[in-house]
Amino acid sequence: MDPADDYVLADVVEEGAVRPADVEVSALIDVGVEYVAIEQYEQAIDSFARAAHYAPEDSAAAQEAWVNRGIAHGELGEWDEAAGAHREALRIDADDALSAAAETNLAAALWEAGESTSPLDHAEAAVERDPRLPEAWYNRGYFLNERGQHAEALRCLDVALSLGLRTAWVHDERVRALAALGEYERAAAVEERATRRRDAESVRDVRE
């Protein structure tokens, strides 16, 4: 199934002739994920909305659809809609891993929408729900850096790194924390690492 096909959702769910029990919710979610991969976010939102509609009420599948819908709204810069979708996922609260993803994405959406206090609370809740989620540790480190709590921020960022999140922006935040703590030599070394990572990511993007 080609996710670029404008009729792909009609192939999965033929409105008006469908029995809700026969809808394959996972297929709708998969279609939405494919749309996200090709940056067709409006179609992704539509697919995730349908998945949430047809999923069993308050199920993990419905929660997954809402989390993904929030991510797609975020890609469009629709932060209020993103926050609303993640809040709905948290209301369902069917799966700790999905709830952690909702918490950390809600934190980011609120921050982008201009809120400065509650994002840290949601980042901390994400870490509590799933301490193996590197993005949750990164968000917590970022918000702590913003509050001037650089030693704890550095610890969180190091955890994110140890869990496999090795992007340039993780290193950038570590540089910020180290510089604020007066560890300039370490900051310089990490900055060099961030530059190499950024260059590598740029080369990969060009190839893709």
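As shown above, the structure is provided for reference.
This write-up is about the structure you can find in this document. Think of each chain on its own: its residues are numbered from 1, step by step along the sequence as written. A pLDDT threshold of at least 70 governs which residues receive local features in this predicted model, and a stricter bar of 80 or more applies before side-chain atom pairs are shown or counted, although totals over entire chains, interfaces and linings include all residues. To get the side-chain values, all heavy atoms of the structure are used, and hydrogens and water are removed first.

What about the overall build of the protein chain?
Next up, step 1: A run of H or I in DSSP becomes a helix once it reaches four residues, and a run of E becomes a strand once it reaches two; helices and strands are each numbered from the N terminus. Helices and strands together make up the secondary structure of the protein chain, namely 11 helices and zero strands.
Next up, step 2: Along the protein chain, from the amino end to the carboxyl end, the secondary structure elements read α-α-α-α-α-α-α-α-α-α-α.
Next up, step 3: The buried share of the protein chain, taken over its 208 residues, is 43%.
Next up, step 4: Residues count as neighbours in contact if any of their non-hydrogen atoms are within 4.5 Å of one another. Counting contacts in the protein chain only where the partners sit at least 6 residues apart, residues at least 24 apart contribute 50% of the total.
Next up, step 5: Accessibility throughout is a Shrake-Rupley quantity obtained with a 1.4 Å probe, and a residue counts as covered only by protein chains that appear here. Surface exposure of the protein chain reaches about 11,000 Å², of which carbon and sulfur atoms provide 46%. Buried residues are those whose accessible area, probed at 1.4 Å on protein chains only, stays under 20% of the maximum for their type, while exposed residues exceed 50% and partly exposed ones sit between those limits.

Remarks on the packing of helix 4 (residues 60–75) against helix 5 (residues 79–92)
Helix packing geometry: the angle between the two helix axes and the distance between the axes.
Next up, step 1: Running from amino to carboxyl end, helix 4 crosses helix 5 at an angle of 165°, the nearest separation of the two axes being 8 Å. Of the possible angle classes, the one that applies to helix 4 and helix 5 is roughly antiparallel. The two elements helix 4 and helix 5 meet at a crossing, and its hand is left-handed. Counting all contacts with helix 4, which are made through A62, Q63, W66, V67, R69, G70, I71, H73 and G74, the residues of helix 5 involved are W79, E81, A82, A85, H86, E88, A89 and I92.
Next up, step 2: Three classes are used, and their members are as follows: Ala, Val, Leu, Ile, Met, Phe, Trp, Tyr, Cys and Pro are nonpolar, Asp, Glu, Lys and Arg are charged, and the others, Gly among them, are polar. Its residues assigned to classes, the contact of helix 4 with helix 5 comprises nine nonpolar, five polar and three charged. Orientation is described by lines fitted to C-alpha atoms, with helices fitted over the stretch in contact, and by angles between N-to-C directions that extend from 0 to 180 degrees. Roughly parallel covers angles under 35 degrees, roughly antiparallel covers those over 145, roughly perpendicular covers 65 to 115, and oblique covers all other angles. Helix crossings are classified by the rotation of the near helix relative to the far one: an anticlockwise turn of less than a right angle makes the crossing left-handed, while a clockwise turn makes it right-handed.

A word on a negative patch on the surface
Next up, step 1: A cluster of like negative charges, contributed by E24, D30, E34 and E64, occupies part of the molecular surface.
Next up, step 2: Along the chain, the position of E34 falls in helix 2 (residues 25–37). Residues with no salt bridge and a relative accessible area higher than 30% make up the patches, which join like charges within 9 Å and nonpolar side chains (Val, Leu, Ile, Met, Phe, Trp, Tyr) within 5 Å. Salt bridges are identified by distance alone: a Lys or Arg side-chain nitrogen within 4 Å of an Asp or Glu carboxyl oxygen. Charge counting treats Lys and Arg as positive and Asp and Glu as negative, with His and both chain ends excluded. Lys charges are placed at NZ, Arg charges at CZ, Asp charges at CG and Glu charges at CD.

So, to be careful, I would describe these as geometric facts and stop short of saying anything about function.
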